[in-house]
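What the coordinates show
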Amino acid sequence: MEEQIVKLRIEELTNQINEHNYNYYVLNQPVISDLDFDMMLKELEQLEKDNNIDNPNSPTKRVGSDLSNVFEQVPHKYTMLSLANAYSESEVIDFDNRIRKVIETDFEYVCELKFDGTSISLIYENGELARAITRGDGEKGEDVTANVRTIRSIPLKLRDKDYPASFEIRGEIVMPFSVFNSLNTELEKAGEQLLANPRNTAAGTLKMKNSKIVASRKLDAYFYYLPGENMMIDGHFESLQKAGEWGFKVSEDTKLCKNMNEVFEFLKYWNEARFNLPVATDGVVIKVNSKKLQENLGFTAKSPRWAIAYKFKAENVSTILQDVIFQVGRTGAITPVAKLKPIWIAGTKVERASLHNADFINNLDLHISDTVFVEKGGEIIPKITGVDISKRDASLEKVIFTLTCPECRTPLIRTEGEAAFYCPNEDGCPPQIKGKIEHFVSRDTMDIEGLGKETIKLFYDSGFLKNITDIFHLKEHESQLIGLETVKITDNDENEVSPEIPVERLLFCFKTGVALKDFEKLFKSVSKHKLAFISSNEISELTGIKSDKCDKILSLIRSEISIKSVLKSLDENDTTFSFQSLLINIIGLNPHKAELINEHFKYYYFLLKANQTELEKIDGIDIFDIGKINDFFNRKNIDHDKLNHLNKISIQQKTFENILAGIEKSKDIPFEKVLFSLGIRYVGETIAKILAKSFKNIDNLIIASVDDLKNVEGVGEKIAMSIKEYFSVDKHIQQIEALKNFGLKFEIVEKLSTEEKILTGLTFVVTGNFGTPQLRDNLKNRIEELGGKVSSGVTGSTNYLIAGEKAGPDKISKAKKLNVKVLTKEQFEEKFKTTI
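Residues numbered from 1 in each chain as written. Predicted model: local features only at pLDDT ≥ 70, side-chain atom pairs only at ≥ 80, totals over all residues. Heavy atoms only, no water.

1. Examining the overall build of the chain
Within the chain one finds 35 helices and 24 strands. Taking the principal axes of the C-alpha coordinates as reference, the chain spans close to 85 × 70 × 60 Å. The 836 residues of the chain split such that 48% are buried. For the chain, restricting intrachain contacts to residue pairs at least 6 apart in sequence, the fraction spanning at least 24 positions comes to 67%. When the accessible surface of the chain is summed, it comes to about 41400 Å², and 48% of that surface belongs to carbon and sulfur atoms. Taking the average location of the 111 positive side-chain charges in the chain and that of its 126 negative ones, the two points are 4 Å from each other. (Helix = DSSP H or I, 4+ residues; strand = E, 2+ residues; numbered from the N terminus. Buried < 20%, exposed > 50% of the residue type's maximum accessible area, 1.4 Å probe, protein only. Contact = heavy atoms within 4.5 Å. Areas by Shrake-Rupley, 256 points an atom, 1.4 Å probe, with all protein chains shown as cover. Lys, Arg positive; Asp, Glu negative; His and termini not counted. Charge placed at Lys NZ, Arg CZ, Asp CG, Glu CD.)

2. Points about helix α9 (residues 260-273)
Owing to its 3.6 residues per turn, the α-helix aligns residues three or four sequence positions apart on the same side. Between its terminal C-alpha atoms α9 stretches 20 Å, which fits the 20 Å expected from 14 residues at 1.5 Å a residue. Within α9 the residues assigned to the buried category are Met260, Val263, Phe264, Phe266, Leu267, Trp270 and Ala273. Near the N-terminus of α9, the side chain that reaches the backbone nitrogen of asparagine 261, with its oxygen 3.1 Å away, is that of asparagine 259. (Expected span 1.5 Å × (residues − 1). Polar contact = N/O pair within 3.5 Å; in protein donor to acceptor, adjacent residues only side chain to side chain.)

3. With respect to the pairing of strand β5 (residues 128-134)
Alignment of strand β4 (residues 118-125) against β5, held across 6 bridges, turns out to be antiparallel. Across the sheet, isoleucine 123 pairs through a bridge with arginine 131, a residue of β5. Where β4 hands over to β5, the hairpin turn is made up of 2 residues, of which asparagine 126 adopts a positive phi near 55 degrees. (Pairing = 2+ DSSP bridges.)

4. Section: the nonpolar core
In this structure, Phe440, Ile471 and Leu691 are the most contacted members of the largest nonpolar core, which totals 56 residues. Looking at this core, the elements that each hand over two or more residues are α12 (430-441), α13 (453-461), α26 (653-665), α27 (671-677), α28 (685-695), α29 (698-703), α31 (717-727) and α32 (730-742). Isoleucine 471 has contacts with Ile437, Phe440, Val441, Ile448, Leu451, Leu465 and Ile663, leaving out every residue within four places of it along the chain. Core analysis: the second largest hydrophobic core is formed by 48 residues, Phe519, Leu583, Ile626 and Phe633 among them. (Core = buried A, V, L, I, M, F, W, Y, C linked by side-chain atoms within 4.5 Å.)

5. Notes on the packing of α12 against α13
Between α12 and α13, the shortest axis-to-axis distance is 10 Å and the interhelical angle comes to 130 degrees. The orientation of α12 relative to α13 falls into the category oblique. For the element pair α12 and α13, the recorded crossing hand is right-handed. Mapping the contact onto sequence places Pro430, Ile433, Lys434, Ile437, Glu438 and Val441 in α12 and Lys453, Ile456, Lys457 and Tyr460 in α13. (Axes fitted to C-alpha atoms, helices over the stretch in contact; angles between N-to-C directions. Parallel < 35°, antiparallel > 145°, perpendicular 65-115°, else oblique. Left-handed = near helix turned anticlockwise from the far one by under 90°.)

6. Let's talk about a positive patch on the surface
Side chains of Arg152, Lys212, Lys218 and Lys789 sit close together on the surface and give a patch of like positive charge. Turning to its location among the elements, arginine 152 is positioned in the loop between α4 (145-148) and β7 (166-174). With relative accessibility at 58%, the residue arginine 152 sits in the exposed group. (Patch = residues over 30% accessible without salt bridge, like charges linked within 9 Å, V, L, I, M, F, W, Y side chains within 5 Å. Salt bridge = Lys/Arg side-chain N within 4 Å of Asp/Glu carboxyl O.)

7. Describing the sheet that holds strand β9 (residues 255-257)
Read from one edge to the other, the open sheet built from 5 strands follows the order β2-β11-β10-β3-β9, with strand pairing classed as mixed. Across the chains shown, the open sheet's two edge strands, defined by having one partner strand only, are β2 (85-86) and β9. The sheet contact formed by strand β3 (residues 109-115) and β9 spans 3 bridges and is antiparallel. From the neighbouring strand, tyrosine 109 faces β9, where its bridge partner is cysteine 257. Relative to strand β11 (residues 307-311), helix α3 (residues 89-102) is tilted by about 175 degrees, and along the sheet it contacts β2, β3, β10 (281-288) and β11. Strands β3, β9, β10 and β11 of the sheet are contacted by α9, whose axis makes an angle of about 20 degrees with β3.

Written out as structure tokens, the structure reads:
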């Protein structure tokens, strides 16, 4: 390689690596995989070595930095180095061989799960937490002690007495999957952009200014290393066991391995078992156990020679990007979604992946029909990680982020400092209108039963429901609403509905006298492809279905060519087929004609309701195609209403009465939930509750200044500005006044005096099934009414665990371990003299 070319390549790699370091450590938004980053770094290291280049500011000489100007910067007593990575067993063997060249005696390895979070160094003085410092650039980090003190798994004061007077311990701060999912659910309800993965969320949370918010995020921590000379124990494994006795959370899955066979057994086991863990892991750290041997082996400029991180390969699967659609949320936020040729990742079928925002799409340089690589970020959310450019045809169309709303064609806006685009047409954009109504009636807000997504769409499309106040006028349109019907939308994208039809529903439509539940039993117990040769006696033995009915089932399957065609068209694991498959395999249209009908009607229900004239208007459909459709509808041995009934929404008298009852019941919903139901941007369930308690009524909240709002714990500049903006709109004030007139509660109603709040100071966890979700919510609300606190996880500060049916075994076990009293609902009511 010529000198000039080498220089340019080194400069290019240096710039790219520095940029990726910034994305990873500062923004917490990595855009490439760890493997790709390591490959770039290794290439740069090799170029510098081969060409005798020693640049003190090269990224090969440093650890990535997460330093900012928010927290005090503190030097590390012992440099926090990174670990060398291995991606194959051969690289682990190379690591072992390098060590054995230096150490000729027998030694042991310690294998630890590599938790995917953010590194932390804790300093303890005389058994108490003195300081918590982030990794930073390895030489110095940021003091985040106040935030770390909120993490309940980190001891503020140590147990036992045999710890050094002063020492440091290092670990990983993580966010459990359950907490991450709950947080995303709350963000979704508040109309905010969802978080990408637990690792980024943990890192971002740790560096928040408000420790109260940090505490609410329920971070966790695992510890894995005690640096320094004042540890009296030589074995690393033994020192971790001792740290556990002092009160630190050390992974119970850490293993002491006597040889490489045991190491590889550990790697093999956790490559599969990691999916069952409550937190994200991305590999296994392998360390020489003896600290004396660690000292002999020493360090390179950036990593210890006695340890290596074996990285699990994320299940990365290639597939075809079929399309990119743009969805509109209830707040107007535009979310791009990749539609993929279906693939299986980590045991689940993946057909879609979030593309986050316009910048993400541009960085990937996506084209329709690209071959893309997909993996599950943090083992949760499917994401596109790259594009196979070698398979791209020059004619493929580049994905361009839309500049207008895909629903109402309004030009989009983008607020400075935010990644998302928004549609500002909140009064005329159908998804925003329907989304706000859906949010208003949901179980966590006004809890109006009977008004589900499909019913709201039906009422909206019929012109009776254009905003939330129209809900309280529905009774006036009773005669017009009763009798309306449609089908349930099962696809996430309403513009491309293709509900799946269960195979058992198809067989049930044929007039055999066999019940639907028997067909359901059949397909739960017998493979579709076995039905061609299995006997009726065998079916009866496997399913418990009476033998005479088994005879009828086999006779139907083996005599009906159309049913044979459907079964033949399905993969072994499929139990449903599409409307388009019905058109081809049952009605007998050719694939092109079936596609035309599918695009026009979307679903069997609408085709059955269509008349001759409507069919004739479809370009490409001729009289012979219409004849096939009519022949099918005229078949006497099929009960078409049974197939048509699938997913049907029909407004009958009883249904409508239930809706009216739900509307009337909503007038008893407390102020904090009414406030949440308004859908103010950034005001989730928790913030709504805090605001309600702080301002007592809606009128106080409306006139509150930005400073008044910011003085409320948990309310920052962004939330305060959003609230003021919402109440500055006349339409919103008019809407609130109308809701007041309908009888909704817009002020706190103090049901109990301070003396009656008998649960003050007590913390409860509620787990299991209590009959209905509403009863479970009532139980939690009652605890809070009585002054108690409801938490999601059992900790040392939990006083009572209230367990229903199918209560989480982990929570029960942990409660017993921590001597937390476990009560049934009835025992709770008896003990505290209350009713739910």
